[in-house]
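Spelled out, the chains give:
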Amino acid sequence: PFWVGDGRCDKNDSYNTLECGFDGGDCGCNVDNTTWLGDGEYCDGGAYNTPECDYDGGDCIEFNNIYPNCTVEFPFWVGDGGCDEEGGYNTLECGFDGGDCLPEGFSASDCNVMNFTLLGDGLCDGYPHNTPECGYDAGDCVEFNELYPNCSTKYPYLVGNGKCEEELYDSNFDLNVAECGYDGGDCEIVIQP
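Calculation notes
Residues numbered from 1 in each chain as written. Predicted model: local features only at pLDDT ≥ 70, side-chain atom pairs only at ≥ 80, totals over all residues. Heavy atoms only, no water. Helix = DSSP H or I, 4+ residues; strand = E, 2+ residues; numbered from the N terminus. Buried < 20%, exposed > 50% of the residue type's maximum accessible area, 1.4 Å probe, protein only. Contact = heavy atoms within 4.5 Å. Areas by Shrake-Rupley, 256 points an atom, 1.4 Å probe, with all protein chains shown as cover. Disulfide = S-S within 2.5 Å. 1 Å grid on protein atoms, 1.4 Å probe; cavity = no way out; pocket = protein on both sides within 12 Å on 5 of 7 lines; lining within 4 Å. Points joined across faces, edges and corners; volume = space filled by probe spheres on them. Nonpolar A, V, L, I, M, F, W, Y, C, P; charged D, E, K, R; others polar. Phe/Tyr/Trp six-rings, centres within 6.5 Å; stacked < 30°, edge-to-face > 60°.

K.L.:
Could you give an account of the overall build of the chain, naming the residues involved and the relevant values?
P.N.:
The secondary structure content of the chain amounts to seven helices and zero strands. Listing each helix as α and each strand as β along the chain from the N terminus yields α-α-α-α-α-α-α. Taking all 193 residues of the chain together, the buried fraction comes to 36%. Contacts spanning at least 24 positions in sequence make up 18% of the contacts within the chain whose residues lie at least 6 apart. Within the structure as shown, the chain displays about 11700 Å² of accessible surface, and the carbon and sulfur contribution to it stands at 47%.

Below, the structure is given as structure tokens:
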């Protein structure tokens, strides 16, 4: 017992265990409350979720397997039912706060987009948002799809915006075609004699 907390890490001894506070902190697990380590409640972040602290005494193993690149201050906020938009939680790495920041009825595995905040934002975004898996941009593209069912564009929000988009960035996304209602009426229809 006199070796616990003596300033020397006894890695190969029975002192470097959760029960002994990782040799009284000598082995690099320097946290404020060692009783939180392996308490089975949830994954504590920061210094607790480190190899030296055995990933919070094992409490963070599942979290780290699901979100290996999610480094947030309070991992237990991820998937807690409330959308935490700040602090790095609402990111792809953190599964958009463990799904808390996804529009209702969507899952990250079904709706494969990089930015879930564009879903249901009132603006019809193109592929991959305007797909059945994403609820046609969470409903934003329903009217567009009814008006222009054969208009395949990455930029549906430009259709009918008051400006004729004849060749938008590349010729594959020309909006001045019949399928897109000649850019939603923005482009003048020229009838050849």
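Now that the structure is up, let's keep going.
K.L.:
Requested: an account of the state of the cysteines, with residues and values cited.
P.N.:
Within the structure shown, the criterion is met by seven disulfides. Between the sulfur atoms of cysteine 111 and its disulfide partner cysteine 134 the distance amounts to 1.9 Å. In this structure, the disulfide formed by cysteine 111 and cysteine 134 twists by about 105° around the S-S bond and is classed as right-handed. You can see cysteine 111 sitting in the loop between helix H4 (95–98) and helix H5 (135–138) and its partner cysteine 134 sitting in the loop between H4 and H5, a full 23 residues away along the chain. Across this residue pair, the class does not change: cysteine 111 and cysteine 134 are buried. Linked covalently through their sulfurs, cysteine 124 and cysteine 141 form a disulfide whose S-S length is 2.0 Å. Handedness of the cysteine 124-cysteine 141 disulfide follows from its S-S torsion of about 110°: it is right-handed. With a gap of 17 residues between them, cysteine 124 in the loop between H4 and H5 and cysteine 141 in the loop between H5 and helix H6 (142–147) connect regions that are remote in the sequence. Among the residues examined, cysteine 124 registers a relative accessible area of 9% and is labelled buried. With a relative accessible area of 0%, cysteine 141 lands in the buried category.

K.L.:
Which residues make up the layout of surface pockets, and what are the values?
P.N.:
Considering only enclosed or pocket space, the largest pocket measures out at about 180 Å³ in volume. As for the largest pocket, its lining consists of Cys43, Asp59, Glu62, Phe63, Ile66, Tyr67, Pro75, Phe76, Val78, Gly79 and Asp80. Of the residues assigned to the lining of the largest pocket, the class counts are seven nonpolar, one polar and three charged.

K.L.:
Run through the packing of aromatic side chains, naming residues and quoting values.
P.N.:
Counting across every chain of the model gives eight aromatic pairs. The structure contains a cluster of three or more aromatic residues connected by ring pairs, namely Tyr42, Phe74, Phe76, Trp77 and Tyr89.

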